[in-house]
Amino acid sequence: MSTDALSLVESADPRIPTPARMRAVMGRFATGVTVVTGADGDGPVGFACQSFASVSLDPPLVLFCADHRGRAWPRIRAAGRFCVNVLAEHQGDVCARFGSGRGLKYEGLEWDVSRWGTPSLREVLMRVHAQVETVHTAGDHDVVIGRVLELEADGDGRPMLFYRGRFGLDEPGAGTLPPPSWGWGDHWG
């Protein structure tokens, strides 16, 4: 079935979810917010990512999902190693840097190079250093399975949460309006 024919079927059948409906309903599942970082010969790269999970304890595996249209993910994939930086709730500025396709992500930001050669962001709750194990194409994203090389849990505090298009759960009106600088319109990865 062609893409045009599929979109007609999708709009004609209310049981088949549109992208807008997927965002509205799936946004009711609160997620943590991470920044996946890596580096290649052209320097450090990274992107905000809310699709991150532990997969296996033995062997130690994690996963994240990255948009095919992103600029950072292809570079991280080619480099073969990445760091998942789990953001604390006070790191909205870091999230905004890496959640947008605009601007320089590392300029003026304090960060370190890990012993694995990947950027490690400061003041995060935890870091997972991993190498790309497998990549599975799933629609407009890649599901990336990474073999964990090292775990760091230096940070303390509350995590940054993303729920119904907003960050956090404690603010009045949380979950009602998308943030101005980061959201579904940006291509993560």
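All values derive from a computational prediction rather than experimental measurement.

Participant: What exactly am I supposed to notice about the nonpolar core here?
Facilitator: Considering soluble globular proteins, one finds that nonpolar side chains tend to be buried as a cluster. Within the largest apolar cluster, 16 residues are counted, with the highest numbers of intra-cluster contacts made by Val-36, Phe-47, Phe-64, Trp-73, Ile-76 and Phe-82. Those elements that provide at least two residues to this core are strand E3 (43-49), strand E5 (61-67), helix H3 (72-79), strand E6 (81-86), strand E9 (126-138) and strand E10 (141-152). Val-94, Phe-98, Tyr-106 and Leu-121 belong to the second largest nonpolar core, which has 13 residues in total.

Participant: Would you take a moment to explain the pattern of salt bridges for this structure?
Facilitator: Pairing between side chains of opposite charge can happen when their charged atoms approach one another. For the structure shown, the criterion picks out 11 salt bridges. The residue Asp-112 makes a salt bridge to Arg-122 at a minimum N-O spacing of 2.8 Å. Here Arg-122 lies in the loop between strand E8 (119-121) and E9 and Asp-112 lies in strand E7 (residues 111-113), a separation of 10 residues in the sequence. We classify Arg-122 as partly exposed; its relative accessible area is 36%. With its nearest N and O atoms 3.1 Å apart, the salt bridge here joins Glu-150 to Arg-115. Placement of Glu-150 in strand E10 and of Arg-115 in the loop between E7 and E8 is noted, with a sequence separation of 35 residues between them. A relative accessible area of 66% means that Arg-115 is categorised as exposed.

Participant: It is not clear to me how the packing of aromatic side chains should be interpreted in this structure. Could you clarify?
Facilitator: Aromatic ring pairs: the centre-centre distance and the angle between the two ring planes describe each pair. For the structure shown, the criterion picks out five aromatic pairs. Within the aromatic cluster, the residues linked to one another by ring pairs are Phe-47, Phe-64, Trp-73 and Phe-82.

Participant: Where do I start with H3 in this structure?
Facilitator: Those residues of H3 lying buried are Ala-72, Trp-73 and Ile-76. Across the axial projection of H3, the buried residues extend over an arc of 90°, all falling on one side. Contacts made by the buried residues of H3 are with strand E2 (34-40), E3, E5, E6, E9 and E10. In the segment just after H3, Gly-80 is the residue with positive phi, at about 90°.

Participant: I'm lost on the sheet that holds strand E4 (residues 52-56) in this one. Help?
Facilitator: Sheet strands pair by backbone hydrogen bonding; their relative direction is either parallel or antiparallel. Read across the open sheet, the seven strands follow the order E3-E2-E6-E9-E10-E5-E4; overall the sheet is antiparallel. Edge positions in the sheet fall to E3 and E4, since each of these pairs with one other strand and no more. Pairs of neighbouring strands in the sheet enclose a mean axial angle of 35°, with direction left out of account. In this sheet, E3 lies alongside E2 in antiparallel orientation, the contact comprising seven bridges. Across the sheet, the residue bridging to Ala-39 is Pro-44, located in E3. Contacts from H3 reach E2, E3, E5, E6, E9 and E10, with the element oriented near 120° to E3. Its contacts with the sheet put helix H4 (residues 92-99) on E2 and E3, and the angle it makes with E3 is roughly 105°.

Participant: Explain the side chain of Arg-127 to me, please; I cannot follow it from the model alone.
Facilitator: As for its placement among the helices and strands, Arg-127 is situated in strand E9. Using a relative accessible area of 11% as the deciding quantity, one classes Arg-127 as buried. A distance of 2.9 Å separates a polar side-chain atom of Arg-127 from the backbone oxygen of Leu-121. Excluding residues that lie within four positions of it along the chain, Arg-127 makes contacts with Cys-83, Val-84, Asn-85, Ser-120, Leu-121, Arg-122, Glu-150, Leu-151, Glu-152 and Asp-154.

The rules behind the values
Residues numbered from 1 in each chain as written. Predicted model: local features only at pLDDT ≥ 70, side-chain atom pairs only at ≥ 80, totals over all residues. Heavy atoms only, no water. Core = buried A, V, L, I, M, F, W, Y, C linked by side-chain atoms within 4.5 Å. Buried < 20%, exposed > 50% of the residue type's maximum accessible area, 1.4 Å probe, protein only. Helix = DSSP H or I, 4+ residues; strand = E, 2+ residues; numbered from the N terminus. Salt bridge = Lys/Arg side-chain N within 4 Å of Asp/Glu carboxyl O. Phe/Tyr/Trp six-rings, centres within 6.5 Å; stacked < 30°, edge-to-face > 60°. Arc of directions from axis to C-beta. Contact = heavy atoms within 4.5 Å. Pairing = 2+ DSSP bridges. Axes fitted to C-alpha atoms, helices over the stretch in contact; angles between N-to-C directions. Polar contact = N/O pair within 3.5 Å; in protein donor to acceptor, adjacent residues only side chain to side chain.

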